[in-house]
Amino acid sequence: MAAFTGVSSSSLLSPRLSLAPTRISGLKMVSFSNLGRSNLPLSFRRLQISCAAKPETVDKVCSIVRKQLALKDDISVSGESKFAALGADSLDTVEIVMGLEEEFRITVEEESAQSIATVQDAADLIEKLVEKTSA
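Here goes a summary of the coordinates provided. (Residues numbered from 1 in each chain as written. Predicted model: local features only at pLDDT ≥ 70, side-chain atom pairs only at ≥ 80, totals over all residues. Heavy atoms only, no water.)

## Concerning the overall build of the chain
Secondary structure assignment for the chain yields five helices and three strands. Listing the helices and strands of the chain from first to last along the sequence gives β-β-α-β-α-α-α-α. Out of the 135 residues belonging to the chain, those deemed buried represent 30%. Once local pairs closer than 6 in sequence are excluded, the contacts in the chain between residues at least 24 apart make up 56%. Total accessible area on the chain is roughly 9,700 Å²; 52% of this is exposed by carbon and sulfur atoms. (Helix = DSSP H or I, 4+ residues; strand = E, 2+ residues; numbered from the N terminus. Buried < 20%, exposed > 50% of the residue type's maximum accessible area, 1.4 Å probe, protein only. Contact = heavy atoms within 4.5 Å. Areas by Shrake-Rupley, 256 points an atom, 1.4 Å probe, with all protein chains shown as cover.)

## Some remarks on helix 3 (residues 90-104)
Taking 1.5 Å as the rise per residue, helix 3 with 15 residues should run 21 Å; its terminal C-alpha atoms sit 21 Å apart, in good agreement. By the burial criterion, the buried members of helix 3 are D92, T93, I96, V97, G99, L100 and F104. All buried residues of helix 3 lie within an arc of 160° about the axis, which places them on one face of the element. Projecting away from the buried face of helix 3 at angles above 90 degrees are the exposed residues S90, L91 and E102. Among the structural elements, helix 2 (55-68), helix 4 (110-114) and helix 5 (119-134) are those in contact with the buried residues of helix 3. (Expected span 1.5 Å × (residues − 1). Arc of directions from axis to C-beta.)

## Things to note about the side chain of T118
Mapped onto the secondary structure, T118 falls in the loop between helix 4 and helix 5. In contact with T118, other than residues within four places in its own chain, are G79, E80, S81, K82 and F83.

## Describing helix 5
Taking 1.5 Å as the rise per residue, helix 5 with 16 residues should run 22 Å; its terminal C-alpha atoms sit 22 Å apart, in good agreement. For helix 5, the full list of buried residues reads V119, A122, A123, L125, I126 and L129. Considered in projection along helix 5, the buried side chains sweep an arc of 165° and stay on one side of the axis. What points out from helix 5, more than 90 degrees from its buried face, is the exposed set K128, E131 and K132.

If you want it as structure tokens, here you go:
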């Protein structure tokens, strides 16, 4: 699933206006034309396009997080779930990463592991690492 993150086009009219990023999921194709201009506006330079992890990867990560944290069935775990909100401390997070490494047969560098705050962050990183190892 592709995701698009960027600033609102209204920020082109007022460069000082600070808006929250816009996120659109399920995007198929994105193209821009600068209409003959040599430089795109600064707001377009901040454009970020990324691919979100497959739903089955997110589900596996949810399962591993649930198991590592010994969460009860009535506690919801989704891509948006933050490890800290689920009660994970730094040691729990290390154990979650180790479980992910074992399940997906990847190695997560310490810098990358420190950037993981949510289930979706973990799933996105896994997809990236799996793709890199299979290439």
